[in-house]
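For reference, the chains in residue letters:
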Amino acid sequence: MTWRIRIVVAGIAAFITLAPAAAVAQPSPANAEESRLWLVAGGAFAALRGDCQTCEEDYPYRKGGGVLVNGGYRVNARMDVGGEVFWIPVDTTEGRIRTTHWDAVAQFRPWASKGFFLKGGAGMAYVRNWVDVLGQQSVNSKALSVVVGTGWEFRTTRRIGLQIFGSQHVGALGDLQTADAEIPDVVGNFWSVGAGVVIR
Amino acid sequence: MACAAIAGLPLESACTPSGDRVNQARNAAVLTWQRWHRGCVIGNRAIRQVKTDSLRLLLVVSAALLGSASPVLARPAPQASEEQGQLLSLRPTLDLAGYATEAPEAGAGQGGGNPASNQSAFNWAAEGRSCEGCPPRSLGRALFQSTVINVVYGLSNLMRGHDTAKVTPKTWWGNMQQGWVWDLNDFPVNQVGHPYQGNNYFTAGRANGLSFYESAAVAAFGSATWEFFGETSDPSLNDFINTTLGGIALGEMFHRVGWLIRNTHATGSGRLWSEIGAMAVDPLTGYNRFRTGDASRVHEKPADMVPPTLGGSASLGALWRGEENGSIDAAEGQAFLEMDLLYGATQTGHSRTPYDAFAVKLRFGGGSAFSEARVRGRLLGQPYSSDKLQFSVLQTYDYQNNNAYATGSQSFDAALGVTQPLSDRLGLWVLGWGGLTILSAVDSIPLGVPTEECGGASGTEHATGPRCYDYGPGGNFGVVAQFSRDQRVFTGFFYEGRHLYSLDGVRANHFLQRARADLLLPLHGALGVGTSVEYFDRHTFYQDAARSERRFHYPQVRAYFTWRLE
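Residues numbered from 1 in each chain as written. Chains lettered and ligands numbered in written order. Predicted model: local features only at pLDDT ≥ 70, side-chain atom pairs only at ≥ 80, totals over all residues. Heavy atoms only, no water.

Asker: What's the story with the overall build of chain B in this structure? I'm lost.
Answerer: Counting its secondary structure elements, chain B contains twelve helices and twelve strands. Expressed as a percentage of its 566 residues, the buried residues of chain B come to 53%. Across chain B, contacts joining residues at least 24 apart in sequence account for 67% of those joining residues at least 6 apart. (Helix = DSSP H or I, 4+ residues; strand = E, 2+ residues; numbered from the N terminus. Buried < 20%, exposed > 50% of the residue type's maximum accessible area, 1.4 Å probe, protein only. Contact = heavy atoms within 4.5 Å.)

Have a look at this one:
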């Protein structure tokens, strides 16, 4: 177990310990006295898989830990807008694939008094050493990033809370020139489940 | 007794005690309509006559939609007040668009009036409405109806024999494992079909009392569920973006146009036809209004659905477009019909209500049956310098597809406008903008692929390509200048540049430019004549080893009669 996995496990364990109390004491997210700014920091288990439009090879799923930070402005009781950074390093036998997603996001709470939320956004992703199975050469690329996700926010105090989330990031890289060949229309999908601390 | 039963409560018990003859007559009409749409009038004999697959599908869908109505029909009105009060206490500071953010206490000037004073007529607040003419708020029904929309599209594809419609839990799981990909479908399918489908999801939110931004989330929900569960083909990233963003732009436009068509003060056949006409452009809102009985109830329109100004024009004429890199001399004339709509004060005004001002351009003919669509809506507006300067944030849906070129995009822009009177009668308006293109498409034939092989991928069947257009994000900028005399535009200049970095298709940077000059002369009353000169240019920088470049340009001249609508 790597140090990142340990951190994620510790975070989730802390969340599981605190969540029941948080659920009981959950105040309305729309409290008029609270700040309109919000910040979330946490970790996630992530699985990633690269693929391309015409590839016949069945590329493997790779698993690892990730770090997520997002924050922004609460527009109203149901809507937050802001930015998100999601960093996913994955170790492979040939090296490490590091992907960073920078997205503008909007969070929507269908029920203003509940913690359930839906999230969507778009931005850019930066990928280093992308999909080593394609070749030994290091590949760095920018990509179009899109994220969709959902989760639940539990509030322990008026300003501090915990959040569990599941999300799917996609990084569309375009064509990749490797040492062996050009790989057309490469797309990476990143699935993640995690938890974070919320400050409002 | 109040006739609140129109929204679905038992009519006989709720309305019969009323001594008001007008109300009684209205109740009778509503009762007939409600019976009709509940199926009472259809009867078993008619049902037995249903033989075709299409009608069976219609019945299944109708049953599902009617099923969604049952929670409303059974909902007791009085208990809603406490929850409604809680909801209202969460009123946002920003004046976001939508029914859900309009508080009843502010409804006096919004066509709704004070709920207490209106209690005797129609207790709209108790039904979860934000104003008298607003639909009852129900997030659950919005999500359910967007799912039903997916079922309808899926069944129609199945009836047309599409392999992609044969979904099973196994294909759902396979799609979730696969993740997003780019698809290979036709340009019109991806750039018009999917945005239209997204418009259905979005209006499902608006039809159930959700705000603009809440309905945007419903559009994303419907789009994502369609991509993962509605087809056997892998979930398409470009479809998700086009369906969601295009659906928002088209959906709010259609929703507001539907409210323009509706005459909520009319009764009888005139009212019925106005509701049917509105239903044609916004089917979900129309259906829900028939379902709840709002379609027959006389009421004020929601205040934010009544634009302060409205203008437009229809133009009929011919255009001549030069061939690729050629002159216009040999071009053949092509007939076209163009319609423009200006909704709200697009050039001025403080606004936090999305799409309270928007512009629409639709063109039929002129190179293809449906050759151009552009919807540009204001998300927020802020005037400066006594309304001379106007800052706006805009959302734009753009589509052009003719026999020479094809482009489409979903973008967000920041714009700065200047209004400058030149004399008592002459005025100048200049608008400059720049922004991000989330996803853009441009026709681009893969190197080595014959032109005739393009466009073979049809509809939602498994498309195998080649797909002869590129997808990617980018940026855009532009400027428009209009001179007017007595508030009537007589000449204008337009320029737009767009950059597309291709992520899917031929790896290239595309730079598109379009410039146009218009001259309009009044003939008699609203009738005028006009001519336009346009130039479209595409400069492509390929990312191949040779770093090759190609340039395409198409000149165009138009002559037309125009009818000004105000």
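After that view of the structure, there is still more to cover.
Asker: I tried to follow unusual backbone geometry on my own but got confused; where do I start?
Answerer: Apart from glycine, the bulk of residues carry a negative phi angle, and the bulk of peptide bonds sit in the trans form. Residues and elements named next belong to chain B. Phi is positive for S386, which is not a glycine, with a value near 55 degrees. Tracing the backbone shows S386 in the loop between β4 (370–384) and β5 (389–401). Take S386: its relative accessible area is 74%, and that puts it in the exposed class. Even without a glycine there, the phi angle at D387 is positive, about 70 degrees. With respect to the helices and strands, D387 occurs in the loop between β4 and β5. By relative accessible area, D387 is classed as partly exposed at 41%.

Asker: What should I look at first to understand a nonpolar patch on the surface in this one?
Answerer: Residue and element names in this part refer to chain A. Judged by side-chain polarity, L39, V67, V69, I160, V197 and I199 come together as a nonpolar surface patch covering roughly 430 Å² of accessible area. Assignment of secondary structure puts I160 in strand β7 (residues 160–177). By relative accessible area, I160 is classed as partly exposed at 35%. (Patch = residues over 30% accessible without salt bridge, like charges linked within 9 Å, V, L, I, M, F, W, Y side chains within 5 Å. Areas by Shrake-Rupley, 256 points an atom, 1.4 Å probe, with all protein chains shown as cover. Salt bridge = Lys/Arg side-chain N within 4 Å of Asp/Glu carboxyl O.)

Asker: I'm lost on the packing of helix α8 (residues 187–207) of chain B against helix α10 (residues 237–261) of chain B in this one. Help?
Answerer: Each pair of packed helices can be described by the angle between their axes along with the distance between the axes. Residue and element names in this part refer to chain B. α10 packs onto α8 with a crossing angle of 60 degrees between their chain directions and a minimal axis gap of 5 Å. Taken together, the axes of α8 and α10 are oblique relative to one another. With respect to the hand of their crossing, α8 and α10 are arranged in right-handed fashion. Of the residues belonging to the contact of α8 with α10, the class tally is seven nonpolar, 14 polar and four charged. (Axes fitted to C-alpha atoms, helices over the stretch in contact; angles between N-to-C directions. Parallel < 35°, antiparallel > 145°, perpendicular 65-115°, else oblique. Left-handed = near helix turned anticlockwise from the far one by under 90°. Nonpolar A, V, L, I, M, F, W, Y, C, P; charged D, E, K, R; others polar.)

Asker: Looking at this structure, I do not really get the nonpolar core. What am I missing?
Answerer: Among soluble globular proteins, nonpolar side chains are generally buried collectively. B:W182, B:L237, B:I241, B:M253 and B:V375 are the most contacted members of the largest nonpolar core, which has 47 residues in total. Looking at this core element by element, the count peaks at ten residues for α10(B). Look past the residues within four positions of B:V375 in its chain and what remains in contact with it is B:A249, B:L250, B:M253, B:Y355, B:A359, B:V360, B:Q395, B:T396 and B:Y397. Of all hydrophobic cores here, the second largest spans 13 residues; its members include A:I88, A:V90, A:F190 and A:V198. (Core = buried A, V, L, I, M, F, W, Y, C linked by side-chain atoms within 4.5 Å.)

Asker: What am I meant to see in the packing of helix α6 (residues 139–159) of chain B against helix α9 (residues 212–230) of chain B here?
Answerer: All names here are of chain B. The contact between α6 and α9 brings their axes to 10 Å, and the two run at 35 degrees. Crossing of α6 against α9: the hand is right-handed. Counted together, A142, L143, S146, T147, N150, Y153, G154 and N157 of α6 and V218, F221, G222, T225 and W226 of α9 form the full contact between these two elements. Its residues placed into classes, the contact of α6 with α9 shows six nonpolar, seven polar and no charged.

Asker: How do you make sense of the sheet that holds strand β8 (residues 469–485) of chain B when you look at a structure like this?
Answerer: Within a sheet, each strand pairs with its neighbour through backbone hydrogen bonds, oriented either parallel or antiparallel. All names here are of chain B. Taken in spatial order, the twelve strands of this closed barrel run β1-β2-β3-β4-β5-β6-β7-β8-β9-β10-β11-β12, and their pairing is antiparallel. Within this sheet the neighbouring strands show an average axis-to-axis angle of 20 degrees, counted without direction. Relative to the sheet, α8 contacts β4, β5, β6 (406–421), β7 (426–443) and β8, its axis offset from that of β5 by approximately 130 degrees. Contacts from α10 reach β1 (310–321), β2 (333–343), β3 (358–365), β4, β5, β6, β7 and β8, with the element oriented near 110 degrees to β5. (Pairing = 2+ DSSP bridges.)

Asker: Would you mind going over the pairing of strand β12 (residues 549–565) of chain B with me for this structure?
Answerer: Residue and element names in this part refer to chain B. Pairing of β1 with β12, which is carried by ten bridges, proceeds in the antiparallel orientation. Among the inter-strand pairings, A318 is bridged to a residue of β12, identified as A559. Where strand β11 (residues 527–542) lies against β12, 15 bridges are found, and the strand directions are antiparallel. Across the sheet, L527 pairs through a bridge with W563, a residue of β12. Between the antiparallel neighbours β11 and β12 lie six residues, among them R547 with a positive phi of about 50 degrees.

Asker: So what exactly am I meant to see when it comes to the pattern of salt bridges here?
Answerer: If charged atoms from side chains of opposite charge come close, those side chains can pair. The full count for this structure, using the stated rule, is 33 salt bridges over all chains. Among the ionic pairs, A:R200 bridges to A:E153, the shortest N-O distance being 2.9 Å. Of this pair, A:R200 sits in the segment after β8 (182–199) while A:E153 sits in strand β6 (residues 140–155), and the two are 47 residues apart along the sequence. We note that A:R200, like A:E153, is buried. B:R514 serves as the salt-bridge partner of B:E534, at 3.4 Å between the closest nitrogen and oxygen. With B:E534 in strand β11 and B:R514 in strand β10 (residues 508–524), this pair connects stretches of sequence that are 20 residues apart. Each of the two residues, B:E534 as well as B:R514, counts as buried. One network of salt bridges, with partners in common, ties together B:E338, B:D340, B:K361, B:R363, B:E372, B:R514, B:E534 and B:R558.

Asker: Sorry, what's going on with the interface of chain A and chain B here?
Answerer: Put simply, an interface is often sized by how much accessible area is lost when its parts join up. Listed by partner, the interface residues are 31 residues for chain A and 31 residues for chain B. Between chain A and chain B, a total of about 2600 Å² is buried, with carbon and sulfur atoms accounting for 60% of that surface. Considering only the side of chain A, the residues that lose the most area to chain B are A:Q53, A:R78 and A:L144, jointly responsible for 19% of the buried surface there. Where chain A packs against chain B, one counts one salt bridge. Measuring nitrogen to oxygen at the nearest pair gives 3.3 Å for the salt bridge that ties A:R78 to B:E214. At the junction of chain A and chain B, the tally comes to nine residue pairs in polar contact (both at pLDDT 80 or more). Elements with a minimum of two residues in the side of chain A that touches chain B: β1 (37–52), β6, β7 and β8 of chain A. Ranked by residues supplied to the side of chain A that touches chain B, first place goes to β7(A) with seven residues. For the side of chain A that touches chain B, the per-class residue count stands at 18 nonpolar, seven polar and six charged. (Buried area = accessible area lost by both parts, 1.4 Å probe. Polar contact = N/O pair within 3.5 Å; in protein donor to acceptor, adjacent residues only side chain to side chain.)

Remember that the coordinates give geometry; whether it matters functionally is a separate question.
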